[in-house]
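Letter by letter, the chains look like this.
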Amino acid sequence: MLDLPVLVVFPALMAYAAFSDLFTMTIANWISIVLVAAFVVLALFMGLPATTILLHLACGLAVLAITFVLFAFGQVGGGDAKFAATTAVWLGFEHLAEYGLIASLLGGVLTVGLLGFRKLPLPAWAQGRAWIDRLHDKKVGAPYGITLAITGILLYPDSLLFTQTLGA
């Protein structure tokens, strides 16, 4: 009964957030709220112990504290900070180091790619498309929500909810 929500909710919200960040450079607050709420609801329906649920929530709070400091120093966007934290809720402390490492590596690849892209002139077909113009603008940051989402999806099959529900 829980197979479908476990298979769909997290990956769908990750994909939505990635595309939202790509096209608008924002990740809506409702995505983070729904991710946390969905984790808690699914964990309760699965019968996970309260201590396990609280540890996952604590993982998210720890990431939020770290990313809030990075946000305060202008290193990450607010949406990225919240999104990283809510993704960490689903992955837990067990996968936090992997999440940070892989997201950082993918973020580096994204940044290098964007720097190269921004050195090239935009072809005629791309000019005037707001999202492409934004990506091409050297004054605009990078949509790191893309790398956070990809990393979350890569690690999700090894997460507690996924393995407990689907017996992977």
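See the structure printed just above.
Residues numbered from 1 in each chain as written. Predicted model: local features only at pLDDT ≥ 70, side-chain atom pairs only at ≥ 80, totals over all residues. Heavy atoms only, no water.

Visitor: Help me understand the overall build of the chain in this model?
Guide: A tally of helices and strands in the chain yields eight helices and zero strands. Scanning the chain from its N terminus toward the C terminus, one meets helices and strands in the order α-α-α-α-α-α-α-α. Each principal axis of the C-alpha atoms in the chain carries an extent, and together these give about 55 × 35 × 25 Å. Across the 168 residues of the chain, 38% fall into the buried class. (Helix = DSSP H or I, 4+ residues; strand = E, 2+ residues; numbered from the N terminus. Buried < 20%, exposed > 50% of the residue type's maximum accessible area, 1.4 Å probe, protein only.)

Visitor: Help me understand helix H2 (residues 29-46) in this model?
Guide: Each turn of an α-helix holds 3.6 residues, which means side chains three or four residues apart point in the same direction. Relative to the 26 Å expected for 18 residues at 1.5 Å per residue, H2 spans 26 Å between its end C-alpha atoms, a close match to the ideal helical length. Here H2 has its buried residues at Ile-31, Ser-32, Leu-35, Ala-38, Phe-39, Leu-42 and Ala-43. Along the long axis of H2, the arc covered by the buried residues comes to 130°, so they all point the same way. The outward face of H2, more than 90 degrees from its buried face, is lined by the exposed residues Ile-33, Leu-44 and Phe-45. (Expected span 1.5 Å × (residues − 1). Arc of directions from axis to C-beta.)

Visitor: Which parts of the structure should I look at to understand the nonpolar core?
Guide: The nonpolar side chains of a soluble globular protein tend to be buried with one another. Of all hydrophobic cores here, the largest spans 37 residues; its most connected members are Leu-35, Phe-39, Phe-83, Trp-90 and Leu-161. Looking at this core, the elements with two or more residues in it are helix H1 (3-24), H2, helix H3 (50-72), helix H4 (78-91), helix H5 (96-119), helix H7 (145-155) and helix H8 (160-166). Apart from residues lying up to four places away in sequence, Phe-39 is in contact with Ile-53, His-56, Val-89, Trp-90 and Leu-161. (Core = buried A, V, L, I, M, F, W, Y, C linked by side-chain atoms within 4.5 Å. Contact = heavy atoms within 4.5 Å.)

Visitor: Can you help me understand H7 in this one?
Guide: Within H7, eight of the 11 residues are buried, which leaves it mostly tucked inside the rest of the structure. Among the residues of H7, Gly-145, Ile-146, Thr-147, Leu-148, Ala-149, Thr-151, Gly-152 and Leu-155 are the ones counted as buried. At its buried positions, H7 is contacted by H1, H4 and H5.

Visitor: Could you clarify how one ought to interpret the environment of Phe-23 in this entry?
Guide: Here Phe-23 shows up in helix H1. When the C-alpha atoms of Phe-23 and Asp-137 are compared, they prove to be 13 Å apart, with 114 residues separating the residues in sequence.

Visitor: Looking at this structure, how should I read unusual backbone geometry?
Guide: With the exception of glycine, most residues fall at negative phi, and the peptide bonds are largely trans. Residues other than glycine seldom take positive phi values, yet Met-25 does so here, at roughly 60°. For Met-25, the location among the structural elements is in the loop between H1 and H2.

Visitor: Please explain the packing of aromatic side chains as it appears in this structure.
Guide: What describes a pair of aromatic rings is the distance from one ring centre to the other and the angle between the planes of the rings. Tallied over the full model, the rule gives nine aromatic pairs. Judged by centre distance (4.7 Å) and plane angle (80°), the ring pair of Phe-23 and Trp-131 falls under edge-to-face. Of the two residues, Phe-23 sits in helix H1 while Trp-131 sits in helix H6 (residues 130-136), which places them 108 residues apart along the sequence. (Phe/Tyr/Trp six-rings, centres within 6.5 Å; stacked < 30°, edge-to-face > 60°.)

Visitor: Could you clarify how one ought to interpret the packing of H3 against H4 in this entry?
Guide: How two helices sit against one another is set out by the angle between their axes and by the gap between those axes. Where H3 meets H4, the axes come as close as 7 Å, and the angle between the chain directions of the two elements is 160°. Considering the angle they form, H3 stands roughly antiparallel to H4. Of the two elements, H3 crosses H4, and the hand of that crossing is right-handed. In this structure, H3 contributes His-56, Leu-57, Cys-59, Gly-60, Val-63, Leu-64, Thr-67 and Phe-71 to the contact, and H4 contributes Gly-78, Ala-81, Lys-82, Ala-84, Ala-85, Ala-88, Val-89, Trp-90 and Leu-91. (Axes fitted to C-alpha atoms, helices over the stretch in contact; angles between N-to-C directions. Parallel < 35°, antiparallel > 145°, perpendicular 65-115°, else oblique. Left-handed = near helix turned anticlockwise from the far one by under 90°.)

Visitor: Is there a simple way to explain the environment of Gly-141 in this structure?
Guide: Its location among the elements puts Gly-141 in the loop between H6 and H7. Sequence spacing of Gly-141 and Thr-111 is 30 residues, and the spatial spacing of their C-alpha atoms is 8.9 Å.

Visitor: What is the right way to look at the packing of H1 against H2 in this model?
Guide: It is at 11 Å that the axes of H1 and H2 come closest, and there the two elements cross at 165°. Accordingly, the angle class assigned to the pair H1 and H2 is roughly antiparallel. Considering the relative orientation of H1 and H2, their crossing is left-handed. Where H1 abuts H2, its residues Pro-5, Val-6, Val-9, Phe-10, Leu-13, Met-14, Tyr-16 and Ala-17 lie against Trp-30, Ile-31, Val-34, Leu-35, Ala-38 and Leu-42. Looking at the contact of H1 with H2, its residues break down into 14 nonpolar, no polar and no charged. (Nonpolar A, V, L, I, M, F, W, Y, C, P; charged D, E, K, R; others polar.)

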